[in-house]
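A closer look at the structure
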Amino acid sequence: MTQTALILGASGRFGRAAAEGFEQAGWQVKRFCRGRDNLAQAVAGVDVIVNGWNPAYPDWAAQVPQLHRQVIKAAETSGATVIVPGNVYVFGAKTPAPWSESSPHAAVNPLGRIRIEMEAAYRATSAQVIVLRAGDFLDTEASGNWFDAMITAKLDKGKFIYPGRADIPHAWAYLPDLAGAAVGLANRRAALPQFLDVPFAGYTLTGEEMLAAVNAHLRRPARLKQMSWLPLQLARPFWPMGRCLLEMRYLWDTPHSLNGDLLQQLLPAFQATPLEEALPHCLPETVRGPQSGNMRKRAMA
């Protein structure tokens, strides 16, 4: 019997990747449109709700609790399993790495506290919830994330612009792989507990290691350049997004990684895409070398 996944936020990064992943796995996919659809009606007959809703940072305090309450209510009513893309904001700078499902949620900053309270609401619901937790996204198209909007935005000028310390590890998640893990967990949901927190290890790289990996695919190697946070500091008084980005700056200066042991236990057959195969999908075609292009064609075949 065909299973059905309702994707909330299907035009966003995780939602788009999840919709593609579930479709490729043979699921029927319903893409929810907030301006048109009714959530209470849309969940009828749905097996899994993938909650990819993610308002802009400045709107989190006003919108995140309300949006997730709606999803919780819909899941409790319909009996559907909810898959939520978790992040590393809940841990805080002082939580020892590697971060795992048992690491304390010790963030003290406003955005981190919002995520902690959001996840606590899911833990308290009677619906089945899977939090699939990942680091920064590596997307297959330009979507305004750190990697494409800042770090690799000036590769054509020979610049790899890094926002923090380039000598410490940072957690990354290739979105097609993350979506594949979501599908795998959805397929196993009957054997899973009511609430499950699953870290997704992805890739752990220092900025210097990421630069070396990127340079392997470029026509002309780029040089590391430190991002200046001064423009955000100056814009902070009148630009809410700038204040939020500065609030999360600590993640670029805090060594961290995610422990993927639990995911490997739950999905022993899951294999992440090797970094050298994933990166060409995340780089602008205008800067990729011929060898990278051939690798991309092989990966897509």
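Conventions and cut-offs
- Residues numbered from 1 in each chain as written.
- Predicted model: local features only at pLDDT ≥ 70, side-chain atom pairs only at ≥ 80, totals over all residues.
- Heavy atoms only, no water.
- Helix = DSSP H or I, 4+ residues; strand = E, 2+ residues; numbered from the N terminus.
- Expected span 1.5 Å × (residues − 1).
- Buried < 20%, exposed > 50% of the residue type's maximum accessible area, 1.4 Å probe, protein only.
- Arc of directions from axis to C-beta.
- Contact = heavy atoms within 4.5 Å.
- Pairing = 2+ DSSP bridges.
- Axes fitted to C-alpha atoms, helices over the stretch in contact; angles between N-to-C directions.
- Core = buried A, V, L, I, M, F, W, Y, C linked by side-chain atoms within 4.5 Å.

**What to know about helix 3 (residues 60-78)**
- End to end, helix 3 covers 26 Å across 19 residues, agreeing with the expected 27 Å (1.5 Å per residue, within 8%).
- Inspection of helix 3 places Trp60, Val64, Leu67, His68, Val71, Ile72, Ala74 and Ala75 among the buried residues, and these make up the whole buried set. Burial along helix 3 is one-sided: seen end-on, the buried residues are contained in an arc of 165 degrees. Every exposed residue of helix 3 that faces more than 90 degrees away from the buried side is listed here: Ala62, Arg69, Lys73 and Thr77.
- Along its buried surface, helix 3 packs onto strand 1 (4-8), helix 2 (39-42), strand 3 (48-51), strand 4 (81-86) and helix 4 (110-124).
- Positive phi appears at Gly79, one or two residues downstream of helix 3, with a value of about 85 degrees.

**Quick look at the sheet that holds strand 2 (residues 28-31)**
- The parallel open sheet is built from six strands, whose spatial order is 2-1-3-4-5-9. At either end of the open sheet lies a strand with only one pairing partner, and these are strand 2 and strand 9 (195-199). Ignoring which end each strand starts from, the neighbouring axes of this sheet average 20 degrees apart.
- Summarising the sheet, strand 5 (residues 129-133) and strand 9 pair through five bridges and their orientation is parallel. When the sheet's bridge partners are listed, Val131 is paired in strand 9 with Asp197.
- The sheet strands contacting helix 1 (residues 13-24) are strand 1, strand 2, strand 3 and strand 4, and the helix crosses strand 2 at an angle near 155 degrees.
- Across the sheet, helix 6 (residues 175-187) touches strand 3, strand 4, strand 5 and strand 9, and the angle it forms with strand 5 is around 155 degrees.

**Observations concerning the nonpolar core**
- Among the nonpolar cores identified, the biggest contains 72 residues, and Leu39, Ile49, Tyr122, Phe147, Phe160, Met210 and Val214 are the most heavily contacted of them.
- Ranked by the residues each element gives to this core, the list is headed by helix 3, at seven residues.
- Among residues more than four places away in sequence, those in contact with Met210 are Leu138, Phe147, Phe160, Trp172, Leu205 and Leu279.
- Val50, Ala179, Val198 and Leu263 belong to the second-largest nonpolar core, a separate cluster that totals 35 residues.

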